[in-house]
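Understanding the architecture of this molecule
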Amino acid sequence: MTQGKGVEAGQTVGDFNPSKKPKRNKYAFGCAILASMTSILLGYDIGVMSGAAMYIKRDLKVSDVQIEILLGIINLYSLIGSCLAGRTSDWIGRRYTIVFAGTIFFAGAILMGFSPNYLFLMFGRFVAGIGIGYALMIAPVYTAEVSPASTRGFLTSFPEVFINGGILLGYISNYAFSKLSLKLGWRMMLGVGVFPSILLTLGVLAMPESPRWLVMRGRLGEATKVLNKTSDSKEEAQLRLAEIKQAAGIPESCNDDVVQVTKQSTGEGVWKELFLHPTPAIRHIVIAALGIHFFQQASGVDAVVLYSPTIFEKAGITDDTQKLLATVAVGFVKTIFILVATFMLDRVGRRPLLLSSVGGMVLSLLTLAISLTIIDQSKSKLMWAIGLSITMVLTYVATFSIGAGPITWVYSSEIFPLRLRAQGAAAGVVVNRTTSGVISMTFLSLTKAITIGGAFFLYFGIAAIGWLFFYTVLPETRGKTLEDMEGSFGTFRAKSNNTNNNGIENGNAKVSQLQLATNLQP
C-alpha cells in the first residue's frame, strides 16, 4: 500500500511520541474546551434543581412524587435529543450540532424561568432536556475525534469536568438567590441558565469541524488543515488522515481537496451492525459501553447530587442555608477531584483508575448507609454519625469524580469504530440518562419504602457488581488510535491487554499503521 509522505511502513501513532514529554497541543486543547462547554448545561440543571426543588415545592404546593418526577424526568426527555443527535451530527456536522444543543437549552431555560405553574415548568424541562441530550452525546464524540492519541484521555475527560463545573455553578446559584422572595428566587435560579448557552453558541464560532466528519464528507483539504493543527507532529497528522481515509473508503493515493465518498456515514445500517449482527469485537464494545454507562448512574450518583439537601437533612442539618452551603461543598469537592482525574487519565490509564474509583465508591456507600441507618434509628443526636455521613457524601463524590465520572465518557467515546461512533455514543447516552432518570425519580419514594440507609445499601450492592463488571469486561485503551481500538476487544480477557510505555498494545506492534481496526480479527 502506498505510504503517506514521511510515514514508513510499520509505524503507528505511538512511534511519533517524542521521548520527552510532548508539549500539549494548545489548539486541540482549545477545541476540547469549547466543545465540552456543552456539558455545563446538564451540570447546571442538576445542581440548580437540587436547591430549587425545596422552594418549588413550597411555592407551587406539589407533592414529593411530583418533585421526583420534576427532577428526574429531564433525563428521559434528554433521550429524545440523544437519539436524534447521532443522525443529526452525521448530517450537519459535529460543530453545528453543538450550536443546536445550546439553542434548544436556551429556549428551555427561558421557559423554566417564566413558569407560572407546574405543568408549564414541566414543558420547559422537556425543551431543556432535548438540548441536554444533544449536548451529552456530541461533546465527547467531537473531542475524541479532534484529539491526538497522546492526550485523548485528558481532553475527552473535559465534558465531565464541565458537568461538575455546571453543578457547582448551580449550587452557588441556589445559595445566591435563596434570599429572594419565594416566587422570584427559584425562577431566577432556573432562568440564569440562559447565560451558559449563550457563551456556548458564541464559543463554537471559533471551533473547526471534526476532521473525521470532514473526511467522511470528502473534504480532505479542510480535514488536513485541522489534523495538522490538532496533531503532535506532521507525521502523526498524515497517519491519522490515512487511517480515516481508509475508514471512509478513500484511496490512500487520493490527495484532492474535495473527493467523492461512496460510503458516507449517514447512520443507515448502523443499528443493525451494533445490535442485530455484531462481530465478536463489536458485541464486546457495545457491552462495555452500555455497561459502563449503566453502572455509573445505577450506583446512585444523581441521587446524591440531586438530593444532597435531603440527605443532609436526614443526617441532622435542618437549616436551609446550612444545607445549601453543604451542597456547595459537595460541588467544590467534585470539581477539584475531576480536575485531578484529567491529569491522571493518560498517565495511569483508564482501567486502574476506574477500578480504584469504583472501589472507593463501594466503601463510601457502605459506610454512608451504615451511618444514616444509625442516625435514623437513634433517638438522640449523634454528632459523630452526622459528621461521618457528611464525610462519606464528600468521599463518595470525590472517588466518583476521580474515575467513574470522566472515564465513562472518555471510554465510550473512543472505543467505537468511526462508522459506528456517533450512533454508538448516542446509545450509551440513552442508557446513561434512562438509568439516571430511574434513580432520580425513585429516590424519595425509595427512602420512604426501605429508609434512606436502605437506599444506600442498595446503591452499595450495585456499585460492587459494577466493580466486578469493569474488572472482567473492560480492557485498557490508553494510547491506542481510535482506528486501532477494535483490536483490543472480542476476547473478554481484559487483564491480558498490556501496554508498553507509550500505551501501544505490544501484540499489535507489527500491525501496519494503515490496517483498519475494522478489519482486525478478534
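Residues numbered from 1 in each chain as written. Predicted model: local features only at pLDDT ≥ 70, side-chain atom pairs only at ≥ 80, totals over all residues. Heavy atoms only, no water.

An unreviewed UniProt entry annotates the protein chain as Polyol transporter 5 of Vigna radiata var. radiata. Within the UniProt record for the protein chain, the comment given under Subcellular location (unreviewed entry) is "Membrane". Under Sequence similarities (unreviewed entry), UniProt gives the following word-for-word description of the protein chain: "Belongs to the major facilitator superfamily. Sugar transporter (TC 2.A.1.1) family." (UniProt positions renumbered as here; feature names shortened; annotations may be inferred.)

Let's talk about the packing of helix α14 (residues 280-298) against helix α19 (residues 383-414)
Remark: α14 packs on α19, axes separated minimally by 9 Å, with the N-to-C direction vectors making an angle of 150°. Classed by the angle they form, the pair α14 and α19 counts as roughly antiparallel. The handedness of the crossing between α14 and α19 is left-handed. Residues Ala-288, Ala-289, Ile-292, His-293 and Gln-296 of α14 lie in contact with α19, whose contacting residues are Phe-400, Ala-404, Gly-405, Ile-407, Thr-408, Trp-409, Tyr-411 and Ser-412. Across the contact of α14 with α19, the residue classes break down as eight nonpolar, five polar and no charged. (Axes fitted to C-alpha atoms, helices over the stretch in contact; angles between N-to-C directions. Helix = DSSP H or I, 4+ residues; strand = E, 2+ residues; numbered from the N terminus. Parallel < 35°, antiparallel > 145°, perpendicular 65-115°, else oblique. Left-handed = near helix turned anticlockwise from the far one by under 90°. Contact = heavy atoms within 4.5 Å. Nonpolar A, V, L, I, M, F, W, Y, C, P; charged D, E, K, R; others polar.)

With respect to the layout of surface pockets
The calculated volume of the largest pocket comes to roughly 600 Å³. The set of elements that each furnish at least two residues to the lining of the largest pocket consists of α2 (39-60), α3 (64-92), α16 (308-315), α18 (350-377) and α20 (418-473). Here the lining of the largest pocket spans two domains, since at least three of its residues come from each of domain 1 (25-207) and domain 3 (272-490). (1 Å grid on protein atoms, 1.4 Å probe; cavity = no way out; pocket = protein on both sides within 12 Å on 5 of 7 lines; lining within 4 Å. Points joined across faces, edges and corners; volume = space filled by probe spheres on them. Domains from an automatic or database assignment.)

Side note on unusual backbone geometry
Although it is not a glycine, Lys-61 adopts a positive phi angle of roughly 55°. Relative to the assigned elements, Lys-61 resides in the loop between α2 and α3. Note on Lys-61: relative accessible area 71%, which makes it exposed. In this structure, Thr-451 is a non-glycine residue whose phi angle is positive, near 75°. (Buried < 20%, exposed > 50% of the residue type's maximum accessible area, 1.4 Å probe, protein only.)

So, the nonpolar core
Core analysis: the largest hydrophobic core is formed by 155 residues, its most contacted members being Ile-56, Phe-443 and Phe-456. In terms of residue count, α20 provides more of this core than any other element does, 19 residues in total. Phe-443 has contacts with Glu-68, Ala-303, Tyr-307, Ile-311, Ile-452, Ala-455, Phe-456 and Tyr-459, leaving out every residue within four places of it along the chain. (Core = buried A, V, L, I, M, F, W, Y, C linked by side-chain atoms within 4.5 Å.)

Concerning the packing of aromatic side chains
The tally for this structure, following the rule as stated, stands at twelve aromatic pairs. Note on Phe-123 and Phe-126: the rings are 6.5 Å apart at their centroids and 25° apart in plane angle, and the pair reads as stacked. Of this pair, Phe-123 and Phe-126 both sit in helix α5 (residues 118-146), separated by three residues, roughly a single helical turn. A relative accessible area of 43% places Phe-123 in the partly exposed class. For Phe-126, a relative accessible area of 28% corresponds to the partly exposed category. Among the aromatic residues, those joined into a cluster by ring pairs are Phe-294, Phe-295, Phe-469 and Phe-470. The ring of Tyr-96 has Arg-95 sitting right over it, with the charged end atom 5.3 Å from the ring centre. Above the plane of the ring of Tyr-471 lies Arg-351, whose end atom (NZ or CZ) is 5.0 Å from the centre. (Phe/Tyr/Trp six-rings, centres within 6.5 Å; stacked < 30°, edge-to-face > 60°. Lys NZ or Arg CZ within 6 Å of the ring centre and 35° of its normal.)

Examining α16
Listed in full, the buried residues belonging to α16 are Ser-308, Pro-309, Ile-311, Phe-312 and Ala-315. In a view along the axis of α16, the buried residues occupy a sector of 160°, so they form one face of it. Positive phi appears at Gly-316, one or two residues downstream of α16, with a value of about 125°. (Arc of directions from axis to C-beta.)

Considerations on a nonpolar patch on the surface
Together, Phe-106, Ile-110, Phe-114, Phe-195, Ile-198, Leu-202 and Leu-205 line one region of the surface with nonpolar side chains, adding up to about 730 Å² of accessible area. Elements with a contribution of two residues or more to the nonpolar patch: α4 (94-113) and α9 (194-203). Here the element with the most residues in the nonpolar patch is α9; it accounts for three residues. Locating Ile-110 in the fold gives a position in helix α4. With relative accessibility at 33%, the residue Ile-110 sits in the partly exposed group. (Patch = residues over 30% accessible without salt bridge, like charges linked within 9 Å, V, L, I, M, F, W, Y side chains within 5 Å. Areas by Shrake-Rupley, 256 points an atom, 1.4 Å probe, with all protein chains shown as cover. Salt bridge = Lys/Arg side-chain N within 4 Å of Asp/Glu carboxyl O.)

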